[in-house]
Amino acid sequence: MIRLFVGLGNPGPEYEDTRHNAGFWWIDSLARRLNVNLVADRSYHGFVARANLPDGPVWLLQPQTYMNVSGKSVAALAKFFKILPSEILVAHDELDLLPGQVKLKNSGGHAGHNGLRDIHAQLGSPEYWRLRLGIGHPGIKTEVAAYVLRKPPQAERQAIDKCIDQALGATEAFLAGDMPKATLLVHAQPPRPKPPRPPTAPPPASEPKPD
């Protein structure tokens, strides 16, 4: 089962609504779903919540160390509670997915994401789960740093919120450790609307009969 849910972002009101904080948005939604409150905990360098569930406690974490040293917070909590990398899920913004797209991934590289890079280093392993929340790409590599620190337009934010809701639908599967089911739920595509039926032609008018 997933024992530690992490959302990546930057602390402070100036970053609250920026694209780089999509992971924070997801953890906020998960906390509401599990009916827990995130509170500051200096021991783990972040906001932490504990949910006591029938199969044991799980933790929610928003590192407050700034993105590029997120691993300091994640590793502190994981090591204290003896949580394995395979029991950790990290939600983060993903440039390679469009707003509204979401993917679940296990292990792999950090693809240049500074938060994942530091988590790799601090855990000493890439074997954790990632929830990739699409934010889109500015199209030019040199503009990425400024792009992720800007607020998305309303339509993009609504699309990101929609994929956050979709991923929340896999919460019970995450908690049960049923990752194949969780993957299906996260990757589920909404049903396509059926095309409208062509209008039915009226029956031909009957010819008048002679008397």
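Scroll up a little and you will see the structure.
Parameters at a glance
Residues numbered from 1 in each chain as written. Predicted model: local features only at pLDDT ≥ 70, side-chain atom pairs only at ≥ 80, totals over all residues. Heavy atoms only, no water. Buried < 20%, exposed > 50% of the residue type's maximum accessible area, 1.4 Å probe, protein only. Helix = DSSP H or I, 4+ residues; strand = E, 2+ residues; numbered from the N terminus. Arc of directions from axis to C-beta. Contact = heavy atoms within 4.5 Å. Polar contact = N/O pair within 3.5 Å; in protein donor to acceptor, adjacent residues only side chain to side chain. Salt bridge = Lys/Arg side-chain N within 4 Å of Asp/Glu carboxyl O. Core = buried A, V, L, I, M, F, W, Y, C linked by side-chain atoms within 4.5 Å.

(A) The arrangement of helix α7 (residues 179–187) in detail. Those residues of α7 that fall on the buried side of the exposure criterion are Met 179, Ala 182 and Val 186. The buried residues of α7 occupy one face: seen down the axis, they fall within an arc of 55°. Facing away from the buried side of α7, by more than 90 degrees, are the exposed residues Pro 180 and Leu 184. Looking at the buried positions of α7, the neighbouring elements they touch are β6 (102–106), β7 (129–134), α5 (154–168) and α6 (171–176). Where α7 starts, the residue carrying a side-chain oxygen 3.2 Å from the main-chain nitrogen of Lys 181 turns out to be Asp 178.

(B) Up close: the pattern of salt bridges. As enumerated under the stated definition, the model contains six salt bridges in all. Measuring nitrogen to oxygen at the nearest pair gives 3.3 Å for the salt bridge that ties Glu 156 to Arg 19. Taken together, the positions of Glu 156 in helix α5 and Arg 19 in the loop between β1 (4–7) and α1 (22–34) put the pair 137 residues apart, joining distant regions of the chain. The closest approach of N and O atoms between Arg 132 and Glu 94, which form a salt bridge, is 3.1 Å. One end of the pair, Arg 132, is in strand β7; the other, Glu 94, is in strand β5 (residues 88–94), with 38 residues separating them in the sequence. Relative accessible area serves as the criterion here: at 9%, Glu 94 is assigned to the buried category. Put simply, Asp 17, Arg 157 and Asp 161 are held in one network by salt bridges that share partners.

(C) Representation of the nonpolar core in the model. Grouped together as the largest cluster of nonpolar side chains are 37 residues, with contacts concentrated most on Phe 5, Trp 26, Leu 131 and Phe 174. Ranked by residues supplied to this core, first place goes to α1 with seven residues. The residues contacting Phe 5, other than those within four sequence positions of it, are Trp 26, Ile 27, Leu 30, Trp 59, Leu 60, Leu 61, Leu 89, Phe 174 and Leu 175. Ranked by size, the runner-up nonpolar core spans 19 residues in total, among them Tyr 44, Trp 59, Ile 83 and Val 90.

Purely spatial values, then, with no claim about function.
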